[in-house]
Structures are given as structure tokens and as C-alpha cells.
Amino acid sequence: MKDDTDQDIDISWDLIRSELKKSLDKDTYQNWIKPIHFESQIGASLTLSVHTRFLRDWIIKNYASVIKRSYLDLGVTVEKLSILVKENNNRIIPGTEVVFQDKEDEDDQYYDDISAPLDPQFTFDNFIVGKPNELAYAAAQRVAQSEVVSFNPLFLYGGVGLGKTHLMHAVAWNIKKRNPKKNVVYLTAEKFMYQFIKALRFKNIMSFKEQFRSVDVLMIDDVQFIIGKDNTQEEFFHTFNTLIDKKRQIIISADKSPADLEGLEDRLKSRLGWGLVADIHPLTYELRLGIIQAKAEQKSMKLTTDVLEFLADKITNNVREMEGALNRLAVHASLQDSDITVDLVKDVLKDLLRTNSRKITIDEIQKKVVEHYNIKLSDMHSPRRSRSVARPRQVAMYLAKSITTRSLPEIGRKFGGRDHTTVIHAIKTIEEIMVNDPNLAEDIELLTRILQTS
Ligand code: ADP
Ligand code: MG
């Protein structure tokens, strides 16, 4: 039975949902907002739930502030947002809640500001330079320090967790420090899109444009996000041209070079490549060692040379994983009050070391999956939708997402040029079925093990 307050709040989640439906594009709404269930709201503390961890993580990462903002628009302040993972029978999976909390110093102004907050840790001082990132670093420094616009735009690209966002924030801090009057705006392409759509909805396009015209330095992060969003791309192109004409500095980041951003309009591609294009390469052993040393020092962890070298040798994907590894080691060492030895590292980081041990490719995944289900390799790429091939294909997409670091569009392309939304659908389908079907869960576990040990 529900009491009155419950009812009120239920209605207001419906309201929030319908607001979000108006402001987000259809796919985004269907994929990420619709599956969310309302749990409770106590004071400024809001609890929602979803069926899978994948959904939870994605929503927390990408839509938490959008949800909070919608509440605020209706006069409700949300300070803490938790998302639980619930199985279909409504049992809460233990240990799966993630809490998103605003930093103390973010006041309401944040919501009117087009710029996103900057991470205080992302400074030039905290950035370790080596061969793979020296060009990007030098270019960022130059942009931060020169009084005139030197190259416009500066386009930074590289894989996940290699320091693109870090460098952009570092430039922003630096310019703000030297020149507090300068209007430096940093935001993700996703936020740009959100602001734009919102402006469209509230017929505020003029003030949206006005806001961006008065910017001295504009940084847009992860621009690959606006691929396929035609209206947003168009508006971005205008904003971009206006600022370039006014000789304002622009910095863009993406996961690929402008030429490789498939699906981006040609004129935008070529325009993005006008200035300096700097890529960050995968990290070398030397740079990994340097970064691990610096991060361990920051955390006041005393690591032996053996351990440092072992980590630099084994954890190769990106810096975010190295930070994760160090955090885990720090916790273990303090809980067990033991020294950090190579053996302890091997034990504590088993899973991480396995996924780093060898680059598993999507081709390999497809091969193992077709062997396992006894179907043809061409079925991985074909448009056939019959269950007997569609399900294994979804399994392969799921594995590609969970084992490799490929992006959703990249995975889609490897499966006969499918759209990234198809990949999302596959991942969600498999996650949902796994909850109730132990056979499928076993298949996945087996395939994962085969791939990681072969
Ligand atoms: P990206 O935006 O390219 O995905 P980030 O800038 O978010 O990557 O970096 C991921 C994490 O790794 C951040 O915590 C960042 O501080 C750290 N990091 C990345 N590169 C370096 C580096 N060269 N030196 C120190 N820390 C780094
Ligand atoms: Mg980033």
C-alpha cells in the first residue's frame, strides 16, 4: 500500500520523465531514461533503480546531472542521487548501488553556467610527459601561454584514459590563473547538445548563441558524441565558425582524428583539421613507469622498484586503470597491514592483469562465439535476424564490450556495419536474459575464460 507522499513523488517522477522525453533525443530517452524506476525520495536524497549494472554505470556517468537538472527545473533540489541494481524479481543485487554526489563548492550557479566544473587535480604539474603525449602536451602548453591565438582549433585525439580531458582542464586552469577575466568555457559535446536542445525547446536560441559568442576560449570534449545528431552538429558548426572568425581559441577532443570521425559532416571534418591536430599515442613502458611512480608518490605509497616495474609492465591499457590498480593496492595494504609485494599485486589485481595480459580482438571473439554455437562466421556480419544467429551475435557484441576497449560504434562496424544503438540493445538484452537464464550466464563465463586464457 502506498501512502500519500509516495503517490506525490511517483507522479513527480512521471513528470520528470516526460520533461526528459521532451528535451532528449528519442534514442537517448528510450535507452537510458525509460528503463529507470523510481524508488524513493527522502529530503534531497533521490533513489532510483535499474535492472543492470551496465545501465546504472552509464546513467550515473552520463545522465545524473541531466536528471538533477530536471528536478531543479521543477523546483526540487537533489543533492544525492543513488541508483540501485534490481533483478527482475525486485531483489536488490548486493553492493551495486552507486551514489552520485555534487561537490560542495558547486552552487546553483553551476546550473546556469554553460561551462562544466574543472577537476583541481587536472593541472600541467600533475601531468607526466613522455614520447606518446609530448606533442599534445606541448601544444596544450602553447595554447595556455600564448597571448595570441596560435593554432585554431587545437584538436586532441587518442584512446580512452590517455589524458585528453586532463590536458584540456590544465589549459583552462592556466588561462584562468593568468587572466581571471577571460571567459573560458569547458564542456562535453554531450552537454553542448543538451544545452542546445533545451534552448530549442524553450525558444532561447538567441541567448544560447549569445552565451557562446562571448566566450574567449571554448573547449569541447569528446566531440565524437555529436556524430549522427544532425541539428546539434549544425549548431556546433555555426558556433565554431563564429568563434574562429572572432579569433577566439577553440580546443576540441575526440577519440579519433577528424578524418577518421565517420559520420561527421565533411565540411566539419575539414574545418576541425585546420589548426593543429595532435594525437596521444598508447603509453610506452617508460611513460607508464613514470606515471605509476608519480601517482604512488602522490598517494604516499612506498612501492619497491620490483613492484613499480611489474605494474608498468603489466598494466598497459590506460592511466585510469593504473590509478584504479594503485587504489586497490593501497586499500589492501592498509586492511591487511602488509607490505606490497609482487605476489600481493598478482593476487589483488588478478582480473585486471588478465585483461591487460593480451589484447583480445573482436575477430577472435567472433571466431570463438561461432565455434561455440556452431554457426558460420558470416552470420556475425549478416543482416539475418533469426534467433539462432541473432542471439550468438548479441553474445559476441556483449563480449566485445566487456572484454575489449572498443567503443560502441567501433563494435557496431565490426558486426556488418551495425549502428551503435544496435550494440547497446544487444548488451542490454544479454544482461537481462542472463539474470534469469543460467545457461546463457554460463556460456558467457565460459567464452570469457576461453578468450582470456587462450
Ligand atoms: P581521456 O579524457 O583521454 O579519456 P583523462 O584525461 O580523463 O583521459 O585521463 C584519465 C585519468 O588518467 C585521469 O585521472 C588523468 O589525470 C590521468 N592521466 C592521464 N594521462 C596522464 C599523464 N600523462 N600523467 C598523469 N596522469 C594522467
Ligand atoms: Mg575524457
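Residues numbered from 1 in each chain as written. Chains lettered and ligands numbered in written order. Predicted model: local features only at pLDDT ≥ 70, side-chain atom pairs only at ≥ 80, totals over all residues. Heavy atoms only, no water.

A. Structural view of the sheet that holds strand E2 (residues 45-50). Within the open sheet, the 4 strands sit side by side as E1-E2-E3-E4. Their pairing is mixed. With one partner strand each, in any of the chains shown, strand E1 (37-42) and strand E4 (98-101) form the two edges of the open sheet. Here the strands of the sheet are splayed against their neighbours by 20 degrees on average, with no regard to which way each runs. Relative to E4, strand E3 (residues 80-85) runs antiparallel, the two sharing 4 bridges. For isoleucine 83, the partnering residue across the bridge sits in E4 and is valine 98. Docked against the sheet, helix H3 (residues 53-62) engages E2, E3 and E4, running at close to 165 degrees with respect to E3. (Pairing = 2+ DSSP bridges. Helix = DSSP H or I, 4+ residues; strand = E, 2+ residues; numbered from the N terminus. Axes fitted to C-alpha atoms, helices over the stretch in contact; angles between N-to-C directions. Contact = heavy atoms within 4.5 Å.)

B. Examining the sheet that holds strand E8 (residues 249-254) more closely. Strands sit in the order E6-E7-E8-E5-E9 across an open sheet of 5 strands; the sheet is parallel. Here the strands that pair on one side only, and so sit at the sheet edges, are strand E6 (184-188) and strand E9 (276-280). Pairs of neighbouring strands in the sheet enclose a mean axial angle of 15 degrees, with direction left out of account. Sheet topology note: the strand E5 (residues 154-158)/E9 ladder contains 5 bridges and is parallel. Each bridged residue has a counterpart across the sheet, and for leucine 156 the counterpart in E9 is alanine 278. Of the strands in this sheet, strand E7 (217-221) and E8 are in contact with helix H10 (residues 230-245), which crosses E8 at around 145 degrees.

C. View of the pattern of salt bridges. Scanning the model with the defined rule gives 19 salt bridges in all. The salt bridge involving lysine 131 is made with glutamate 134; its shortest N-O contact spans 3.4 Å. On the basis of relative accessibility, which here comes to 38%, the residue glutamate 134 falls in the partly exposed class. Two residues, arginine 406 and glutamate 410, come together in a salt bridge whose shortest N-O distance is 3.9 Å. We classify arginine 406 as partly exposed; its relative accessible area is 40%. Sharing partners across several salt bridges, the network here consists of Glu234, Glu265 and Arg267. (Salt bridge = Lys/Arg side-chain N within 4 Å of Asp/Glu carboxyl O. Buried < 20%, exposed > 50% of the residue type's maximum accessible area, 1.4 Å probe, protein only.)

D. Up close: the environment of lysine 414. The residue lysine 414 is located in helix H19 (residues 408-414) in this model. The spacing of lysine 414 and lysine 176 is 238 residues in sequence and 43 Å in space, taken between C-alpha atoms. Ignoring sequence-local partners within four residues, the contact set of lysine 414 consists of Ile362, Asp363, Gln366 and His381. A polar contact of 3.4 Å, which involves the side chain of lysine 414, links it to the side chain of aspartate 363. (Polar contact = N/O pair within 3.5 Å; in protein donor to acceptor, adjacent residues only side chain to side chain.)

E. Region of interest: helix H14 (residues 319-336). The end-to-end C-alpha distance of H14 is 26 Å, a good match for the 26 Å that 18 residues give at a rise of 1.5 Å each. Taken together, the buried positions of H14 are occupied by Val319, Met322, Ala325, Leu326, Leu329 and Ala333. Relative to the axis of H14, the buried residues are bounded by an arc of 110 degrees and lie together on one face. When the buried face of H14 is taken as reference, the exposed residues oriented beyond 90 degrees from it are Arg320, Ser334 and Leu335. N-cap assignment for H14: the residue whose side-chain oxygen lies 2.9 Å from the backbone N of arginine 320 is asparagine 318. Directly beyond the C-terminal end of H14, a positive phi value near 50 degrees is found at aspartate 337. (Expected span 1.5 Å × (residues − 1). Arc of directions from axis to C-beta.)

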